[in-house]
Amino acid sequence: MNSRKVSILTLVIFLLIAGLVIAVSPKSVKVLAASGATDISQTDSSWACLPRYSEPHEFLYLYPHGKSPGTPGPDTQTTLWGVDSADFNDDGQVDAVLWRGLFQSGEAFEIDILLNDGSGTLALGTSQVFSGKAPSVVEGRELLLADFNGDDRLDMFFADQGMDNHPFPGHQNTLALSAPGGKMIDTTSNLPQQSDQTHSAAAADIDGDDDIDLYIGNLGGGGVLPQLWLNNGAGVFTIAQNLLPPEQTDLSLNWYTTSAFADVNNDTYPDLILGQGNPNRGSHVLLNDGTGHFAQMATPLPPTIFAPNQQPVDIKAADISGDGYVDLFLSDTRSSYAGRYIQILINKGNGTFRDETAARLPQSSNFSPWIVWLDLVDINMDGNLDLVVKPIGETEPFFYLNNGAGDFYPLANVFNIGTDNLFTFMDLDQNGFLDILWAYPGCYDGTCPEIHNIVRAQGCPLFLPGVYGN
């Protein structure tokens, strides 16, 4: 055997041994990103993978509800507000939903669906999915995707706050249900018919009857208070009476700007977490007795650093400490919408929480703009949920990697996503890697289009022991 063959064989044996060592022992992971290298202590034994990402590919230009430049007619007065992903036509491929609005105008705009053709490309397909007209929203504050009619397909509920300006008239919330043949139908008529200022919403089976109910986080616009809506199993909702404590519907005491359902005390019943927007009063957990009746816990959630002038914006729940109990992420800003802060609350095992933000997610609170949404996504495919942060306006998103023990470290934007929060991770070509749909919202005056981009995950680079990168 010549010396060259011996060298190659030696290298192969070394790599195999190194792989076995990594498979049975914790590893120190180094993330190679645009801003340099960050050491992260990885506590599980799985391989981690931070894929390379392509440059954005512009694949679609839309002038929704308006005109292209240079053509007759009034300018469009809409801009893209949100984007999310799911399989909307029951073909096994992940699609996307787009919704739009014009801030403080009170105008309603139809949603759109981008359909996946099976090869990882999206095209406008609203009319192919909806039987009849697609539903419309004014200022869609939150989209919930859940199976509301029990057919094992995802449906859509839009929490619509209406015109965000005095006198805050509110607007009808919107529901779209799946139908046979890969279709969807605007079934807003299945909801209580009221114009309400729904600033947040949450979905869960609160009364144990195997269908998904709703918390409607109204702020009092249109004269409508916070409510619980019960589902009859077919996606028809009615307003429940006397399930919430009276103080939770008294807007002179409490008004909650964000909400989430999660079982915080491991009794199998979804409890209600409410982020307080009223100065000098804390955020709260309401325990569910299993029948959908809720009672406020005596101990409020720990205050954020902005208290008493906090303005919670989003709540996400997940077990990040690995003890089997649900923990909380809460994004916050001041009541003046200056500054931003992400609070990490660790469950003590009884539904009360301690603030471990300083140890788990060091950060400055003075950065602006404020955060619109938090997403939990396994970015590097190591089995741990990472943190995706979406600020408002023309600001780049930012990302934190979870080390497997619930400690979070900043990751540079290696995803080639530009400014704005209009993006969603989705496996477009079903190869196991998360691609990205990223959109630029267009102009208020209609002189420029929405620009939709695909940023493709290009697989992982060669791994060496204890190191991954791009």
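Scroll up a little and you will see the structure.
Residues numbered from 1 in each chain as written. Predicted model: local features only at pLDDT ≥ 70, side-chain atom pairs only at ≥ 80, totals over all residues. Heavy atoms only, no water.

## Looking at the packing of aromatic side chains
Taken as a whole and judged by the stated rule, the model has 13 aromatic pairs. Judged by centre distance (6.3 Å) and plane angle (35°), the ring pair of Phe261 and Phe294 falls under tilted. Note that Phe261 is positioned in strand β18 (residues 256–262) and Phe294 in strand β21 (residues 294–296), a separation of 33 residues in sequence. Summarising the aromatic geometry, the rings of Phe399 and Phe415 are spaced 4.6 Å apart at their centres and angled 55° between planes, so their arrangement reads as tilted. Of this pair, Phe399 sits in strand β28 (residues 398–402) while Phe415 sits in the loop between β29 (408–411) and β30 (423–426), placing them 16 residues apart in sequence. Of the residues examined, Phe415 reaches a relative accessible area of 0% and is grouped as buried. Put simply, the rings of Tyr53, Phe399, Phe415, Phe423 and Phe425 pair up and form one aromatic cluster. One cation-aromatic arrangement involves Lys390 over Phe423; the distance from NZ or CZ to the ring centre is 4.5 Å. (Phe/Tyr/Trp six-rings, centres within 6.5 Å; stacked < 30°, edge-to-face > 60°. Helix = DSSP H or I, 4+ residues; strand = E, 2+ residues; numbered from the N terminus. Buried < 20%, exposed > 50% of the residue type's maximum accessible area, 1.4 Å probe, protein only. Lys NZ or Arg CZ within 6 Å of the ring centre and 35° of its normal.)

## Thoughts on the sheet that holds strand β13 (residues 183–186)
Reading across from one edge, β10-β11-β12-β13 is the order of the 4 strands in this open sheet, with antiparallel pairing throughout. In this open sheet, the two edge strands, each paired with only one partner strand, are β10 (140–146) and β13. Sheet twist, expressed as the average angle between the axes of neighbouring strands with direction ignored, equals 20°. By the bridge criterion, 6 bridges tie β10 to strand β11 (residues 155–160) in an arrangement that is antiparallel. Residue pairing in the sheet places Leu145 in a bridge with Met156 of β11. (Pairing = 2+ DSSP bridges. Axes fitted to C-alpha atoms, helices over the stretch in contact; angles between N-to-C directions.)

## A closer look at unusual backbone geometry
Ala307 connects to Pro308 through a cis peptide bond whose omega is 5°. Its location among the elements puts Pro308 in the loop between β21 and β22 (310–318). The residue after Ser368, namely Pro369, is reached through a cis peptide bond having omega 0°. Within the element layout of this structure, Pro369 appears in the loop between α3 (357–360) and β26 (371–377). Phi angles above zero are rare outside glycine, and Asp152 is one such case at about 65°. Assignment of secondary structure puts Asp152 in the loop between β10 and β11. Residue Asp152 is classed as exposed on the basis of its relative accessible area, which comes to 73%. Backbone geometry places Asn242, a non-glycine residue, at a positive phi of 65°.

## So, the state of the cysteines
For the structure on display, the rule yields 1 disulfide. Each sulfur in the disulfide pair Cys49 and Cys460 lies 1.5 Å from the other. Placement of Cys49 in the loop between β2 (36–42) and β3 (57–62) and of Cys460 in the loop between β32 (450–455) and β33 (467–469) is noted, with a sequence separation of 411 residues between them. Classification of Cys49 by relative accessible area gives buried; the value is 7%. (Disulfide = S-S within 2.5 Å.)

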